[in-house]
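Fold and contact review
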Amino acid sequence: MRGGAVMAGAHQPAEGQVAVADGPTNWRKSAQCESHQCVEVAVGAEGVAIRDSTSPEGPFIEVTARAWKAFCAALRGGELRP
């Protein structure tokens, strides 16, 4: 995948990607999530994992810390729209 992301269960991550093992356990979602249909994130030493809060046992992706920071900056800067 592009942008430093790799799907859970991938075996050989490319340079700049993060290998995912059994998965993170410190999931959290925004306090502003009122619909309970939000994304959850887990920050780890190697990057940030992202999953659908309505499917906690389902797949997740993990991106590098650098990619996550760039994504958050784009959101705050209004560069991304729903």
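Rules and cut-offs
Positions within a chain are numbered from 1, following the residues in the order the chain's sequence is written. Reporting of local features is limited, given that this is a predicted model, to residues whose pLDDT is at least 70; pairs of side-chain atoms are given and counted only at 80 or more, and all residues count toward the totals for whole chains, interfaces and linings. Calculation of side-chain values draws on the structure's entire complement of heavy atoms; hydrogens and water are dropped beforehand. Whenever a carboxyl oxygen of Asp or Glu lies within 4 Å of a side-chain nitrogen of Lys or Arg, that contact is scored as a salt bridge. By definition, any uninterrupted DSSP run of H or I lasting at least four residues is a helix, any uninterrupted run of E lasting at least two residues is a strand, and each is numbered from the N terminus. Whether a residue is buried, partly exposed or exposed follows from its accessible area with a 1.4 Å probe, protein chains only, as a fraction of its type maximum: under 20%, in between, or over 50%, in that order. Any pair of cysteine sulfurs within 2.5 Å is marked as a disulfide. Multiplying 1.5 Å by the helix residue count minus one yields the expected span of that helix. Pairs of N or O atoms are called polar contacts if they sit within 3.5 Å, as long as, within protein, a hydrogen donor faces a hydrogen acceptor (for residues adjacent in sequence, only side-chain-to-side-chain pairs). Here, residues are in contact when the closest pair of their heavy atoms is within 4.5 Å. Centres within 6.5 Å make a pair out of two Phe, Tyr or Trp rings, where for Trp the six-membered ring is used; the pair is then stacked when the planes are under 30 degrees apart, edge-to-face when over 60, and tilted otherwise. Should DSSP find at least two bridges between two strands, the strands are regarded as paired.

The next point concerns the pattern of salt bridges. Throughout the structure, instances matching the rule amount to one salt bridge. Across the pair Glu40 and Arg51 runs a salt bridge, and its minimum N-O distance is 2.6 Å. Of this pair, Glu40 sits in strand β2 (residues 39-43) while Arg51 sits in strand β3 (residues 48-52), placing them eleven residues apart in sequence. On the basis of relative accessible area, Glu40 is assigned to the buried category, the value being 11%.

Turning our attention to the environment of Leu80. The residue Leu80 is located in the segment after α1 (65-76) in this model. The class for Leu80 is partly exposed, based on a relative accessible area of 38%.

Taken as a whole, this structure holds one disulfide when the rule is applied. The disulfide partner of Cys33 is Cys38, and the gap between their sulfur atoms is 1.7 Å. One quick way to see it: the torsion about the S-S bond of Cys33 and Cys38 is about 95 degrees, and its sign makes the bridge right-handed. We note that Cys33, like Cys38, is buried.

Attention now moves to α1. The terminal C-alpha atoms of α1, which comprises twelve residues, lie 16 Å apart, in line with the 16 Å expected from a rise of 1.5 Å per residue. Remark: Gly78 follows α1 within two positions and exhibits a positive phi of approximately 80 degrees.

Let's shift gears to the side chain of Glu40. Looking at Glu40, its side chain comes within polar contact range of the side chain of Arg51, at 2.6 Å. Setting aside its immediate chain neighbours within four residues, Glu40 contacts Trp27, Arg28, Lys29, Ala49, Ile50, Arg51 and Ser53.

This next bit is on the packing of aromatic side chains. Tallied over the full model, the rule gives two aromatic pairs. Where Trp27 meets Phe60, the ring centres are 5.7 Å apart and the plane angle is 70 degrees; that geometry is what we call edge-to-face. In this pair, Trp27 sits in the loop between β1 (5-7) and β2 while Phe60 sits in strand β4 (residues 60-63), placing the two residues 33 residues apart along the sequence. Taken together, a centroid distance of 5.6 Å and an interplanar angle of 35 degrees make the contact between Trp68 and Phe71 tilted. You can see Trp68 and its partner Phe71 sitting in helix α1, three residues apart, about one turn around the helix. Judged by relative accessible area, which is 38%, Phe71 ranks as partly exposed.

Where a strand is regular, its side chains alternate between the two sheet faces. Most of β3 sits out of view: four of its five residues are buried. Where β2 hands over to β3, the hairpin turn is made up of four residues, counted between the paired strands. Relative to β4, β3 runs antiparallel, the two sharing four bridges. What sits directly across from Ala49, in β4, is Glu62.

The analysis is restricted to geometry; functional conclusions fall outside its scope.
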